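Understanding the architecture of this molecule
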Amino acid sequence: IKQNPAEPEFHQAVREVLESIKVVVDANEEKFRRDGLLERLVNPERQIKFRVPWVDDKGNVQVNTGYRVQFNSAIGPYKGGLRLHPSVNLGIIKFLGFEQIFKNSLTGLPIGGGKGGSDFDPKGKSDREVMAFCQAFMTELCKYIGADTDVPAGDIGTGAREIGYMFGQYKKIRGLFEGVLTGKGLSYGGSLARTEATGYGLLYLTEELLKTHGQDIAGKTVVVSGAGNVAIYAIQKAQQLGAKVVTCSDSTGWVYDPDGIDVAALKEIKEVKRERLTEYKKYRPNSEYHEGKGVWRIKCDVALPCATQNELDIEDALTLVENGVTAVCEGANMPTTEEATKYFQKNGVLFVPGKAANAGGVATSALEMSQNSERLSWTFDEVDAKLKNIMVNLFHNIDDAAKKYGFEGNYVVGANIAGFEKVLDAMNAQGIV
Ligand code: NDP
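Just so we're clear, the structure is a prediction, and the values are computed from it rather than from any experiment.

Attention now goes to the overall build of the protein. Within the protein one finds 17 helices and 13 strands. Its C-alpha radius of gyration of 21 Å places the protein within 12% of the 22 Å reference for a compact globule of 433 residues. Overall, the C-alpha framework of the protein stretches about 60 × 55 × 45 Å when taken along its three principal axes. Across the 433 residues that make up the protein, the buried fraction comes to 50%.

So, in structure tokens, the structure goes:
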């Protein structure tokens, strides 16, 4: 904390991991101390911060800050998304990069941990302005990334449009058509099912979690927050599996639709028209729109936070438990506060952290890298089947790790230990680097 002040989200993420892996560290205390393993784990291999100047539609120069934190490459090239949101700062990118190390390890695929982004806000910008920003951002970032070194992807505010502009600029400057970014469009190397992967993967894992505890997702009432990439496809897959999803939200308000969210309407509003959720009522007159935050007040069996960090606090957890929630699986990264997480666990709620529950996105990004390397495209069903297999295995790995160390049912500990063990093994094998 002394070395990295004013980075509360990073401290929160590190604290959670270190608490979970204490049992492993205690068993090998001498080796950890001698080899500085924890110090190396929590210090990024490299963090890059750069100026991003671009020209807006009025002809004025705007200056944003760009970041790329290359956290850990022990098990593969750095891999992790680019977040474009005004709240972005170094601490946020570091928390996301740190989480990414363990998440990527849990997928079982050879990818290291990294994350990047900028405080640029794509909301309300013209297409030309977004392109100007993306080109300026990539003009600097392209010096540090590559198909075998660091492969960024999308995240909040970075969708197919932004990835396209960034890929074009990378290719122009570096003269390389390579799989340097994932989440690409299908016409230039993208993978089928990547758009759906995080949301679908979240539901494959949730289904397996419930099944393991003798429950069926079909017939359950589900509350989702967010209305972006993760939320939309989580809602779609939940409905395909027979659950009823009654909410979604954005940063200004939320929707309650007692008949179940209309995914086609949501996609039209968010993906095509890029509008706000206030428009939803026009498609579904029976629904309600409320300003501010409130989805966690709705009675449900399963809660899936899919918007952003620390969006579900202790007050929300109290309400959810009082209303009888049985499972909470994180679609977003660290959406549940530490206090709320502990409250769920104390009250017998099945809780799966984002680094496990939302790993389907990065897993499918790694499948996109494989397809790019062999210059082939797999079918939707092929990718989707691999994704499902990865999520089901991932769940059983974290379940087994929790049991092995005497924390049965604690999927936070299970995910952190299972993710950590592989990274630790690779770091040990590669010496002091
Ligand atoms: P999008 O930008 O597509 O959507 C984000 C959604 O969350 C939007 O509805 C947005 O509302 C809302 N939101 C964002 N910031 C806030 C905030 N500060 N307060 C309230 N609501 C907010 O992003 P994604 O769906 O891709 O990402 C959502 C979460 O999932 C993030 O935590 C991300 O890191 C994580 N994630 C994403 C993966 C992916 O493959 N996309 C993979 C793994 C994790 P508004 O439109 O008003 O901004």
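Turning our attention to the pairing of strand β4 (residues 112-118). Summarising burial for β4: 7 of the 7 residues are buried, a large majority. Judged by which residues are buried, β4 turns out to be covered on both faces: G112, G114, G116 and S118 on one side and G113, K115 and G117 on the other are all buried. With 6 bridges connecting them, strand β2 (residues 61-72) and β4 associate as antiparallel partners. In the strand pairing of β4, R68 is matched with G116. Direction of pairing for strand β3 (residues 78-84) relative to β4: parallel, over a ladder of 5 bridges.

As for its placement among the helices and strands, G114 is situated in strand β4. Beyond its immediate stretch of four places on either side in the chain, G114 contacts R68, V69, Q70, F71, Y78, K79, G80, G97, Q100 and D150.

Let us now look at the site of the ligand. Close to the ligand lie 23 residues, the nearest being G228, D250, S251, A332 and G361. Per-domain counts for the shell around the ligand show at least three residues from each of domain 1 (8-180) and domain 2 (196-352).

A few words now on unusual backbone geometry. Even without a glycine there, the phi angle at R274 is positive, about 50°. Topologically, R274 is positioned in the loop between α10 (263-272) and α11 (280-283). Under the C-beta neighbour-count criterion, R274 is labelled exposed, with 12 such atoms within 10 Å. At M334, a position not held by glycine, the phi torsion is positive, near 50°. Checked against the element boundaries, M334 lands in the loop between β12 (327-329) and α13 (338-346).

This next bit is on the nonpolar core. Membership of the largest hydrophobic core comes to 125 residues, with the highest contact counts inside it found for L205, V224, A234 and A356. Each of domain 1 (8-180) and domain 2 (196-352) accounts for three or more of the residues forming this core.

A separate point is the sheet that holds strand β9 (residues 253-256). What the 3 strands build is an open sheet, ordered β8-β9-β10; its pairing is antiparallel. Taken across any chain shown, the strands that pair with only one partner, and hence form the sheet edges, are β8 (247-249) and β10 (288-291). Recorded for the sheet is a direction-independent mean angle of 20° between the axes of neighbouring strands.

Sites flagged by UniProt as "binding site: substrate" (unreviewed entry) map to K79, Q100, K103, G154 and S365. Topologically, K79 is positioned in strand β3. Residues within four places of K79 in sequence aside, it is in contact with N104, I111, G112, G114, V151, V362, S365 and A366. Position of G154 relative to the elements: it lies in the loop between β5 (150-153) and α7 (160-174). Excluding residues that lie within four positions of it along the chain, G154 makes contacts with G81, L82, G159, I163 and G183.

Turning our attention to the environment of D262. Tracing the backbone shows D262 in the loop between β9 and α10. For the pair D262 and G226, spaced 36 residues apart in sequence, the C-alpha to C-alpha distance is 14 Å. In contact with D262, other than residues within four places in its own chain, are Y283 and R284.

Criteria and cut-off values
- Residues numbered from 1 in each chain as written.
- Predicted model: local features only at pLDDT ≥ 70, side-chain atom pairs only at ≥ 80, totals over all residues.
- Helix = DSSP H or I, 4+ residues; strand = E, 2+ residues; numbered from the N terminus.
- Rg over C-alpha atoms; globule rule 2.2 N^0.38 Å.
- Buried ≥ 20, exposed ≤ 12 C-beta atoms within 10 Å, placed from the backbone.
- Pairing = 2+ DSSP bridges.
- Contact = placed C-beta atoms within 7 Å.
- Near = placed C-beta within 6 Å.
- Domains from an automatic or database assignment.
- Core = buried A, V, L, I, M, F, W, Y, C linked by C-beta atoms within 7 Å.
- Axes fitted to C-alpha atoms, helices over the stretch in contact; angles between N-to-C directions.
- UniProt positions renumbered as here; feature names shortened; annotations may be inferred.

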